[in-house]
Amino acid sequence: MRKTVLDFYKMKQEKEKITMLTAYDYVSARLVDEAGTDIILVGDSLGMVMLGYQDTLSVTMEDMIRHCQAVARGAKTAFLVGDMPFLSFSVSVEKAVENAGRFIREGHMQAVKLEGGRERKAAIEAILDAGIAVMGHLGLTPQYIHRFGGFKVQGKTQEAAKRILEDAKLLADLGVFSIVLESVPWQLAKKITESVDVPTIGIGAGPYCDGQVLVFHDVLGLFPGFKPRFVKQYGQFYAPMLDALKKYNEEVKKSLFPTIEEHSYSSE
Ligand code: KIV
C-alpha cells in the first residue's frame, strides 16, 4: 500500500520518525523504495547531482516532469513528492497551480514541494485549493542563494529565527502537510517542530525534527571529496564503481572479455 499524508500526521503524533530520500530515475527510485523509505522527493537538486549544474536555478519544468515520471515507474510504496523548480510558482498564481497540476497529472506525483514562506502564501493557498498536497520548505532555500549570498545556514540571529518560526506557523495554518527545514540551527528546528501540528523534515537541522531527508548521491558517497557537515555517508560507492569500470576497460583491451564459453552465442 502506498503511504499517504495521513500516515505522516499519525507518525508525528506517535513520535515515529519519517524518512525521506531523493531519487531521480527508475533505478534510484527502486532502491530507495525497496529500502522502505517513507517519502521519495524528486528534488530540483537533480540539477546539480544529475545534470552537473552549480546550483538548482537552471532546472526546468520539463526536466522535473521527465525525472518524476521515471521515479513513479520505479517506486511502489513511498509517497512521491515533486519539487517545483525556480520560477515555476512565483510568476503568477495561475501558473503555479498549472505547474503543480503537471506534477500530479504528468509526473504521477502525490504532492509538490515549494520553497518559501509568507511571500508564497497566495500560490500555496491556490495550489491547496486545487486539491494538491503541498510540502513547504524553509531555512536555506537553495533557489534564493543569490539573495542569501551562497549556501549559508539560515535563522542564526533572533530576528531571522523569529521570521522562520512565523513562516512555519503560517504554512501549517494554510494546510501544508509537512515542512522541510534546511540548514537551520537545531534549537530553531526543535522549536518549530514543537510549535506546528504538521511534521517537520530536517536536512542540516539537527535531530529533533519529525523526519530527516538526504540526497541520494550524498548518502551513497557518489561525490568524492565533497561532504557537507550535515551529511552522513552510509556507503562510499564512487571508488568501487570506478574500479569496476576500469576493470571492464582493461579486460576488453586485453581481450579477456567477452569469452566464448561464458558470454557468446554459438551458431550450433
Ligand atoms: O532538491 C532537493 O533535493 C531538496 C532537498 C535537499 C530537501 O530540496
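Our subject is the structure that appears above.
Everything quoted here is computed from the prediction, not taken from an experiment.

(A) Region of interest: the overall build of the protein. For the protein, the count of helices and strands is 12 helices and 8 strands. What you see for the protein is a C-alpha radius of gyration of 20 Å, in line with the 18 Å of a compact globule of 268 residues. Once the C-alpha set of the protein is aligned to its principal axes, its extents read approximately 75 × 40 × 35 Å. Counted over contacts in the protein with a minimum sequence separation of 6, partners at least 24 positions apart contribute 58%. Separation of charge centres in the protein, based on 32 positive and 34 negative side chains, amounts to 5 Å.

(B) How the structure looks around the pairing of strand S5 (residues 133-139). Most of S5 is tucked away: 7 of the 7 residues are buried. Relative to S5, strand S4 (residues 111-115) is paired through 5 bridges, and the arrangement is parallel. Directly across from Val112, in S5, lies its bridge partner Val134. Pairing analysis gives 5 bridges linking S5 to strand S6 (residues 178-182), with the strands arranged parallel. Each residue of the ladder has a partner; that of Met135, found in S6, is Ser178.

(C) The pattern of salt bridges, seen in detail. Per the counting criterion, the structure on display carries 14 salt bridges. A salt bridge links Arg102 to Glu62, with the nearest nitrogen and oxygen atoms 3.0 Å apart. One end of the pair, Arg102, is in helix H5 (residues 93-105); the other, Glu62, is in helix H4 (residues 61-74), with 40 residues separating them in the sequence. The partner of Glu166 in a salt bridge is Arg118, with the nearest N and O atoms 3.0 Å apart. Here Glu166, found in helix H8 (residues 158-174), pairs with Arg118, found in the loop between S4 and helix H6 (121-129); they are 48 residues apart in sequence, far enough to count as distant. A relative accessible area of 34% means that Glu166 is categorised as partly exposed. By relative accessible area, Arg118 is classed as partly exposed at 31%.

(D) Here's a closer look at the packing of H8 against helix H9 (residues 186-195). H9 packs onto H8 with a crossing angle of 25 degrees between their chain directions and a minimal axis gap of 10 Å. With respect to their mutual orientation, H8 and H9 come out roughly parallel. Pair H8 / H9 crosses with right-handed handedness. Across from Ala161, Ile164, Leu165, Ala168 and Lys169 in H8, the residues of H9 making contact are Leu188, Lys191, Ile192 and Ser195. Among the residues forming the contact of H8 with H9, the class breakdown is 6 nonpolar, 1 polar and 2 charged.

(E) Looking closely at unusual backbone geometry. Omega for the bond connecting Phe257 with Pro258 falls within 30 degrees of zero, at -5 degrees, which places this linkage in the cis form. By secondary structure assignment, the location of Pro258 is in the loop between helix H11 (238-253) and helix H12 (260-263). Positive phi, close to 55 degrees, is recorded for Lys15, a residue that is not glycine. Its location among the elements puts Lys15 in the loop between helix H1 (5-13) and strand S1 (18-22).

(F) Looking closely at the site of the ligand. Around the ligand, a shell composed of Thr22, Leu41, Gly43, Asp44, Ser45, Asp83, Lys113, His137, Val180, Ile203 and Val215 is seen. Lys113 places a side-chain nitrogen or oxygen 3.1 Å from an oxygen atom of the ligand. Here the ligand loses 95% of its free accessible area of 260 Å² to cover by the protein chains. Partitioned by chemical class, the residues of the shell around the ligand number 4 nonpolar, 4 polar and 3 charged.

Scoring rules and cut-offs
Residues numbered from 1 in each chain as written. Predicted model: local features only at pLDDT ≥ 70, side-chain atom pairs only at ≥ 80, totals over all residues. Heavy atoms only, no water. Helix = DSSP H or I, 4+ residues; strand = E, 2+ residues; numbered from the N terminus. Rg over C-alpha atoms; globule rule 2.2 N^0.38 Å. Contact = heavy atoms within 4.5 Å. Lys, Arg positive; Asp, Glu negative; His and termini not counted. Charge placed at Lys NZ, Arg CZ, Asp CG, Glu CD. Buried < 20%, exposed > 50% of the residue type's maximum accessible area, 1.4 Å probe, protein only. Pairing = 2+ DSSP bridges. Salt bridge = Lys/Arg side-chain N within 4 Å of Asp/Glu carboxyl O. Axes fitted to C-alpha atoms, helices over the stretch in contact; angles between N-to-C directions. Parallel < 35°, antiparallel > 145°, perpendicular 65-115°, else oblique. Left-handed = near helix turned anticlockwise from the far one by under 90°. Nonpolar A, V, L, I, M, F, W, Y, C, P; charged D, E, K, R; others polar. Near = heavy atom within 4 Å. Polar contact = N/O pair within 3.5 Å; in protein donor to acceptor, adjacent residues only side chain to side chain. Areas by Shrake-Rupley, 256 points an atom, 1.4 Å probe, with all protein chains shown as cover.

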